[in-house]
Amino acid sequence: MNPTLRQMRAFVALAKTGNFTLAAQAMHVTQSALSGLIKELEQTLGAKVVDRSTRRALLTDIGRELYPLFSQMIDDLDGALANVADHTRLKKGIVRIAAPQLLSCTLMPEAIAAFRKDYPEIEVRLGDTAVESVIARVLSGEADFGVGPEREPAPPLDARLLFEMPFALVFPKGHLLESAACLTWKDVARHPLISLQGQFTERLLDEIHALHGALREVPVKPANEVTFMTTALAMAAAGLGVTVCLPYAAPLASLYGLVMRPLEEPVLSRRFFIYTRPGRSLSPAAERFIGFLEQFVQRTCA
């Protein structure tokens, strides 16, 4: 005994109108087609649901019992389908992002603001965190996806390249380095370096020494290691040393009154990826935001 959705819709339309002609119009079918659906429903149930008369269709006792049940089922289904349609048409949805603290206070807010102009109904939640926590938030499902630097060893996530940028040197205005025609890592070694703890500094020093043997005689060694780049920028602004970061942090460096200059000999860069859980489909809203973010980065960071 499995009534079809079409049979139930026909019955509910007839129960609401009490008239075959009006119900057929509501269903956008002919009156004979509607009558056929009611007969099929009765055959499926093995019981009459409507007593037909020349003027009105009256529900039987079984019909009156089934009407609120069928009506609620159809309302729930239509509501669920409408909700899905809103998601696919990007009329609603939530996007949860995990991103490092520095990226979260520079590039990401600008991208989110631009996205909201095109898709105001979609809610974007940005979770700012330490770099090492981005992967954990994606793996746990707290975030739909994460944005972060390349990690070694590679995390158990799908990764797609978002951007690659060269390192820049950051120092206060009026610093001795400001008059230099070009800046190298030897210049960095001559001043107290404020750097980040963990893999950031370890990889940086390994690459410097591997790519430029002469720097082994003038080792680049951090005078102070901190957890967040905003702390490094604040310390540089206070005249406690210089720091290195990626160009996307330029707006924040300007707020601190700092100068940002490219670093050469060697030119070192960092790649940032969009991390997602393998085998898990993203919502239409999250997919659209990722595509938007890739285009936004190409426009603003080229």
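Computed from a predicted model, the values in this text were never measured in an experiment.

Trainee: Mind showing me how you'd approach the environment of T60 here?
Mentor: Topologically, T60 is positioned in the loop between β2 (57–59) and α4 (61–88). Given the relative accessible area of 12%, T60 is considered buried. Along the primary structure T60 and F200 are separated by 140 residues, whereas in three dimensions their C-alpha atoms are 76 Å apart. Here K48 takes part through its backbone oxygen, which lies 2.9 Å from a polar atom of the side chain of T60.

Trainee: Please explain the layout of surface pockets as it appears in this structure.
Mentor: Empty space among the atoms becomes apparent when a probe as large as a water molecule is rolled across them. Each pocket or cavity is described by its volume, and for the largest pocket that value is around 450 Å³. Considering the residues around the largest pocket, the lining is formed by 24 residues, among which P100, V131, L196, F200 and T227 are closest to the centre. The set of elements that each furnish at least two residues to the lining of the largest pocket consists of α5 (101–104), α7 (131–140), α9 (199–211) and β13 (269–276). Considering every element that reaches the lining of the largest pocket, the biggest residue donor is α9, with 3 residues. Each residue belonging to the lining of the largest pocket can be placed in one class, and the counts come to 14 nonpolar, 6 polar and 4 charged.

Trainee: Explanation requested: empty space enclosed by the protein in the structure shown.
Mentor: Within this structure, the stated rule accounts for 1 cavity of 30 Å³ or more. The volume enclosed by the largest cavity comes to roughly 30 Å³. Forming the walls of the largest cavity are P100, V131, V134, I135, G148, P149, R151 and Y275. For the lining of the largest cavity, the secondary structure elements donating two or more residues are α7 and β5 (145–149). Among the elements that line the lining of the largest cavity, the one with the most residues is α7, at 3 residues.

Trainee: Sorry if this is basic, but what is going on with the environment of L161 here?
Mentor: Within the secondary structure, L161 sits in strand β6 (residues 158–166). For L161, a relative accessible area of 44% corresponds to the partly exposed category. Each C-alpha atom of the pair L161 and G148 lies 9.9 Å from the other, and the pair is 13 residues apart in sequence.

Cut-off values and rules
- Residues numbered from 1 in each chain as written.
- Predicted model: local features only at pLDDT ≥ 70, side-chain atom pairs only at ≥ 80, totals over all residues.
- Heavy atoms only, no water.
- Helix = DSSP H or I, 4+ residues; strand = E, 2+ residues; numbered from the N terminus.
- Buried < 20%, exposed > 50% of the residue type's maximum accessible area, 1.4 Å probe, protein only.
- Polar contact = N/O pair within 3.5 Å; in protein donor to acceptor, adjacent residues only side chain to side chain.
- 1 Å grid on protein atoms, 1.4 Å probe; cavity = no way out; pocket = protein on both sides within 12 Å on 5 of 7 lines; lining within 4 Å.
- Points joined across faces, edges and corners; volume = space filled by probe spheres on them.
- Nonpolar A, V, L, I, M, F, W, Y, C, P; charged D, E, K, R; others polar.

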